[in-house]
Structures are given as structure tokens and as C-alpha cells.
Amino acid sequence: MIIHSKLPKVGTTIFTTMSQLAVEHKAINLGQGFPDYMMSEDLINLVNNAMRSGYNQYPHTNGLPLLRQRLAEKVNKLYACNVNGETDITITVGGTYAIYTAFTTILEPGDEVIVFEPAFDSYLPNIEVNGAIPVTIELQYPSFSIPWDEVRAKISPKTKAIIINSPQNPSGAITNEEDINELRKIVEGTNIFIISDEVYEHLVYDGKPHLSILRYPDLAERSFACFSFGKTYHCTGWKMGYCIAPAPLTAEFRRVHQFNCFCCSAPVQVALAEYLLNEQAYLGLNNFFQQKRDYFQGLMAQTAFKVLPSYGSYFQCYSFDNITNESDKDFAIRLTKEKGVAAIPLSSFYRNGTDNKVLRFCFGKKEETLKAAVERLTK
Ligand code: GLN
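Residues numbered from 1 in each chain as written. Predicted model: local features only at pLDDT ≥ 70, side-chain atom pairs only at ≥ 80, totals over all residues. Heavy atoms only, no water.

A. The arrangement of the site of the ligand in detail. All residues in the neighbourhood of the ligand are listed as Phe15, Gln32, Gly33, Phe120, Asn169, Tyr200, Phe315 and Arg360. Between an oxygen atom of the ligand and a side-chain N or O atom of Gln32, the distance comes to 2.7 Å. In the model, an oxygen atom of the ligand is placed 2.7 Å from a nitrogen or oxygen of the Arg360 side chain. Surface burial for the ligand is 78%, taken as the share of its 300 Å² of free accessible area covered by protein chains. In this structure, the ligand is accommodated by the largest pocket. Its residues assigned to classes, the shell around the ligand shows four nonpolar, three polar and one charged. (Near = heavy atom within 4 Å. Polar contact = N/O pair within 3.5 Å; in protein donor to acceptor, adjacent residues only side chain to side chain. Areas by Shrake-Rupley, 256 points an atom, 1.4 Å probe, with all protein chains shown as cover. 1 Å grid on protein atoms, 1.4 Å probe; cavity = no way out; pocket = protein on both sides within 12 Å on 5 of 7 lines; lining within 4 Å. Sits in = over half its atoms within 2 Å of the grid points. Nonpolar A, V, L, I, M, F, W, Y, C, P; charged D, E, K, R; others polar.)

B. A look at the sheet that holds strand E9 (residues 306–307). The strand order E9-E10-E13-E12 describes an open sheet built from four strands, whose pairing is antiparallel. At either end of the open sheet lies a strand with only one pairing partner, and these are E9 and strand E12 (344–345). As paired strands, E12 and strand E13 (residues 358–362) are joined by two bridges and run antiparallel to one another. In the sheet register, Ile344 faces E13, and the bridge partner there is Arg360. Across the sheet, helix H15 (residues 328–339) touches E12 and E13, and the angle it forms with E13 is around 45°. (Pairing = 2+ DSSP bridges. Helix = DSSP H or I, 4+ residues; strand = E, 2+ residues; numbered from the N terminus. Contact = heavy atoms within 4.5 Å. Axes fitted to C-alpha atoms, helices over the stretch in contact; angles between N-to-C directions.)

C. Looking closely at the side chain of Ser348. Structurally, Ser348 is set in the loop between E12 and E13. A distance of 2.8 Å separates a polar atom in the side chain of Ser348 from the backbone oxygen of Pro345. Once residues lying within four places of it in the same chain are set aside, the contact partners of Ser348 are Ile14 and Lys329.

D. Summary view of the layout of surface pockets. Of the pockets and cavities examined, the largest pocket occupies roughly 1,200 Å³. Forming the boundary of the largest pocket are 47 residues, of which Thr13, Phe15, Phe120, Asp121 and Ser122 lie nearest the centre. Only helix H1 (14–24), helix H5 (94–106), helix H6 (123–128) and helix H10 (229–232) provide two or more residues apiece to the lining of the largest pocket. Tallying contributions element by element places H5 first for the lining of the largest pocket, with four residues. Per-class residue counts for the lining of the largest pocket are 18 nonpolar, 18 polar and eleven charged. Put simply, the second largest pocket is a space of about 340 Å³. Lining the second largest pocket are 25 residues; nearest its centre among them are Phe144, Ser145, Ile146, Ile174 and Asp179. Within the residue set of the lining of the second largest pocket, elements represented by two or more residues are strand E3 (112–117), strand E5 (159–165) and helix H8 (177–187). (Points joined across faces, edges and corners; volume = space filled by probe spheres on them.)

E. View of the packing of aromatic side chains. Here the structure, examined in full by the defined rule, presents 26 aromatic pairs. Ring centres 5.1 Å apart and planes at 15° place the aromatic pair Phe227 and Tyr242 in the stacked group. Within this pair, whereas Phe227 is found in strand E7 (residues 223–228), its partner Tyr242 is found in strand E8 (residues 241–244), the two being separated by 15 residues in sequence. Across the pair, Tyr242 and Phe227 agree in class, each one buried. (Phe/Tyr/Trp six-rings, centres within 6.5 Å; stacked < 30°, edge-to-face > 60°. Buried < 20%, exposed > 50% of the residue type's maximum accessible area, 1.4 Å probe, protein only.)

Shown next, in the form of C-alpha cells:
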């Protein structure tokens, strides 16, 4: 039997590759983004209680109504918007699935999607599997800011969507009001959709605000905003997220969603609905992670790596152009094997493999893990 591959050029994701290599070589894994410390005991207990109370059958396909209601209350307060939990929110199997579903909802073969690189590695395959065409634009290095003139130049009658990501994975860059204004000017009067990947919404530092697309009614009306419980509650393995979009867009999104995963874990949704009442659990995240970022940066200052600007996410990029001429992939592999520290080479986030000699480190780890990793790097 022969399959005509829809994704002939796609290999194993860099996250799986580097995590596997880290296990093989007993390396400290600062590659794939996930915490290595325990999540909230209270939230675990809430899931246990929900299971024992009998929430073990299919919940509503769109998500538990109480969870959607509480999410609406949360975002309406945080982002001064007017989201309706009943009609505008769908609970999904993580943020990546929300993004995939949004693309599948809107894309037709031949459509173009503007993607900024370095880009999270699921975007391009998500677009291509739908027969659409990614139009990639490189963020300016090393600030990772958006070159808006190039965006304007690359918009065509076939442009169906622009995907934005703030805080950005892998660079840690965040959008500012100027970016929002540029985006607004570009999409005004067009049928261009926006997919806004906001999974790191609470991981923004140095007192800067998170400019959710939901804050801007004229942009929100054409947007699918995608969020993650895994990042917010330190449980990436739960694979829980949600998509917020205006009712007509959500109605189409749900058509795709209901025949894909149908619904998400019932007891976890019951628990999350209760835990959302604890505002401190998410409002304290920027302090919690900023301390880790600063701690990691402080340690890394003893090494020859050069820090790049980062304002959000739990990733910190470092240039190694003064250390070696090796490709970033070779260097990442050698660091894992010889020094016992795994990181992600940034060229993996570029379609044509652009290599600025940069590695991405995840600092969402215990202090002792970060300390041990940097000790190995300084040797
Ligand atoms: N979002 C995480 C990262 O960027 C991992 C996602 C994944 O492994 N698919 O590291």
C-alpha cells in the first residue's frame, strides 16, 4: 500500500529528537519546554475529587459549560473584552490542537498564510496538511521584531490568514502597541483572519502587559485566539487548551472540532473550572517565572554564551557565535552528548534552516536543575 504523503518533508519534531537524545545521554533537558517541578497539589486533588464524584463520561463537545463561563469571566476582566463562554469558547486538546483546528477551519487549498520565523514548529505542517501555502517572513535578528514593510509586500489576494505569537516561541519577543497598529492597518477592509497563539499569555516580564488580540475589538472580530492550561498550571502533559473566537467563527471551528476529538477530559475540566477561581494561580506567574529567568541569566553570565533580549515565555535564547563555527544543530547535539545539557537549535524553527548560531534554553525548571546545567556548561 502506498500513501501519497501530505507532509513529505516532515521529520520527527526537534522537541522529541532533543528530549530523546537528552534521555540517552542522561543530559539535563533545557530543550523541550516543560516544567520539571511538581504542579499544584490542590489542582491534582480537584481532579481526583471530580473523578470520584462521577465526572467520568463525555462532557459537552464544546467544553464543560461552567469552565467556559469562568474562562469568559477571566478574559473579560483581564483583557476588557466581551467574550461569551457559551458561543465564543471551545475547550481543546492543548494549544497546538486549537491552532491546528483554527487553520483547518479556514484554509482551502492554495490559500496563503503569513508566518513569522523562527516559528513554532507545528505551524507550517498545519498549513501544508490543509493544502495551503505558508508565506514565511523572518523576524529581524537579534531583536526578533516584525518587519512590517515586508509583511505589506507579501500580502496577496490569496492571503487567508496571519499567525501571530506573543510571547513568541522560541525568541521570547512580545508584540507592542506599534505592532498592533501595523497589523490593524494591514487587515482593515480585508478578509484576512488572524490566528493569535497566546499560550504564554501569563509569562510576560519586566512589568510589560500582554497585548492579547482580545483587547482590540476590530482585530478580535477576525481572530482565533489560542490558549493553554498546560503552560499556566505547569501541566503540559494534560494537553488542555482552548480557542476563543467570535460566535460565527467559533461555529465553524466547532464543526471541525466535533468530528476530530469530539470532547476533552471531563474530570480535568471540572477541576479547572474550580481552580480558575484562584486568580493568584495565574496572576503570580509573571513573578514566578521572571525570578527563574533572572536566576538563569545570572548563572549563564559566567559562560561565554551571549544573552539575547527576551520579555516573555519560559525560553531564553543565547548566541554562541563567539564560541564555535559549528552549525547550531551540531553544537546542540555535542552539548547534549559531551556536556550533558540539551537545548534547542533555532534553525529548526526556520523553513530554510537559517542559522544565526543561537540556542533556545527553557528556564521553566527547578533552580537546582538550572544551577546544575550551567555548572556543566561552565566546565
Ligand atoms: N511548546 C513546547 C516547546 O516549544 C513543546 C511542544 C512540543 O513538544 N510539541 O518546547
